[in-house]
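The chain contents come next:
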Amino acid sequence: MTQWEKNLAQLGLTLPPVVAPVAAYIPAIRTGSLVYTSGQLPFVDGQLSATGKVGAEVSLEQAKEAAKFCALNAIAAVHDLVGLDAVVRIVKVVGFVASAPGFTDQPQVINGASELLGAVFGDAGVHARSAVGVAELPRSTPVEVELIAEVR
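A short tour of the structure in this document, coming up. (Residues numbered from 1 in each chain as written. Predicted model: local features only at pLDDT ≥ 70, side-chain atom pairs only at ≥ 80, totals over all residues. Heavy atoms only, no water.)

Considerations on unusual backbone geometry
One non-glycine residue, Asp45, lies in the positive phi region at around 55°. With a relative accessible area of 77%, Asp45 lands in the exposed category. The backbone phi angle of Arg139 is positive, close to 60°, even though this residue is not glycine. Within the element layout of this structure, Arg139 appears in the loop between strand S6 (128-134) and strand S7 (143-151). (Buried < 20%, exposed > 50% of the residue type's maximum accessible area, 1.4 Å probe, protein only. Helix = DSSP H or I, 4+ residues; strand = E, 2+ residues; numbered from the N terminus.)

Take a look at the structure:
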């Protein structure tokens, strides 16, 4: 068991199965020493953890939790491709937030993903990031997260 897997266990989390793509893409791809994940939705046991727009049907707290699940699914995609023991660091996170008019706390939502990555990977989980508000996301999900990981 790697340190990253021990950290997940201490958080009471296990890696879920990789979610099957819903269109023409793959969950993660490696090029050189980088793994790029496709956008991950907040699936938990095959169901979205929330639906709707943040600031309307979905609260900031629910959206932050959804972002955590997105990051967990992204970690699972990396693990499925190269194994967690290959991860050197998380380089970049991009988060999309389906936002109700006037909602401007996208960075707070994506903190759910960033905080999980920090808890799992420690200093190697500190990353560059973008948090973007959008009108709609697939399947009416409130959050979508993708990441880039450096691997050995």
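Remarks on the packing of helix H1 (residues 3-10) against helix H3 (residues 106-121)
Put simply, H1 and H3 touch, their axes get as near as 7 Å, and they point 120° apart. With respect to H3, the axis of H1 lies oblique. Residue-level contacts link Trp4, Asn7 and Leu8 of H1 to Ala119, Val120 and Phe121 of H3. Considering only residue class, the contact of H1 with H3 consists of five nonpolar, one polar and no charged. (Axes fitted to C-alpha atoms, helices over the stretch in contact; angles between N-to-C directions. Parallel < 35°, antiparallel > 145°, perpendicular 65-115°, else oblique. Contact = heavy atoms within 4.5 Å. Nonpolar A, V, L, I, M, F, W, Y, C, P; charged D, E, K, R; others polar.)

Observations concerning the pattern of salt bridges
Opposite charge on two side chains lets them pair, provided their charged atoms get close. One pass over the structure, following the stated rule, counts three salt bridges. Two residues, Glu115 and Lys64, come together in a salt bridge whose shortest N-O distance is 3.2 Å. Of the two residues, Glu115 sits in helix H3 while Lys64 sits in helix H2 (residues 60-82), which places them 51 residues apart along the sequence. With a relative accessible area of 45%, Glu115 lands in the partly exposed category. (Salt bridge = Lys/Arg side-chain N within 4 Å of Asp/Glu carboxyl O.)

Considerations on the sheet that holds S6
Reading across from one edge, S1-S2-S7-S5-S6 is the order of the five strands in this open sheet, with mixed pairing throughout. Looking at the sheet topology across the chains shown, the edges are occupied by strand S1 (28-31) and S6. Neighbour-to-neighbour, the strand axes of this sheet turn through a mean angle of 15°, independent of strand direction. Looking at chain direction, strand S2 (residues 34-37) and S7 are connected through three bridges and run antiparallel. Directly across from Val35, in S7, lies its bridge partner Ala149. Running at roughly 40° to S7, H2 makes contact with S1, S2, strand S5 (87-98) and S7 of the sheet. (Pairing = 2+ DSSP bridges.)

Concerning the packing of aromatic side chains
A complete count under the given rule lists one aromatic pair for this structure. Taking 4.9 Å as the distance between ring centres and 65° as the angle between the ring planes, the aromatic pair formed by Trp4 and Phe121 counts as edge-to-face. Placement of Trp4 in helix H1 and of Phe121 in helix H3 is noted, with a sequence separation of 117 residues between them. Classification of Trp4 by relative accessible area gives buried; the value is 17%. (Phe/Tyr/Trp six-rings, centres within 6.5 Å; stacked < 30°, edge-to-face > 60°.)

Considering the pairing of S1
As paired elements, S1 and S2 share four bridges and run antiparallel to each other. When the sheet's bridge partners are listed, Ala28 is paired in S2 with Thr37. Taken together, S1 and the strand that follows it, S2, pair antiparallel across an intervening segment of two residues, in which Gly32 is found at a positive phi of about 60°.

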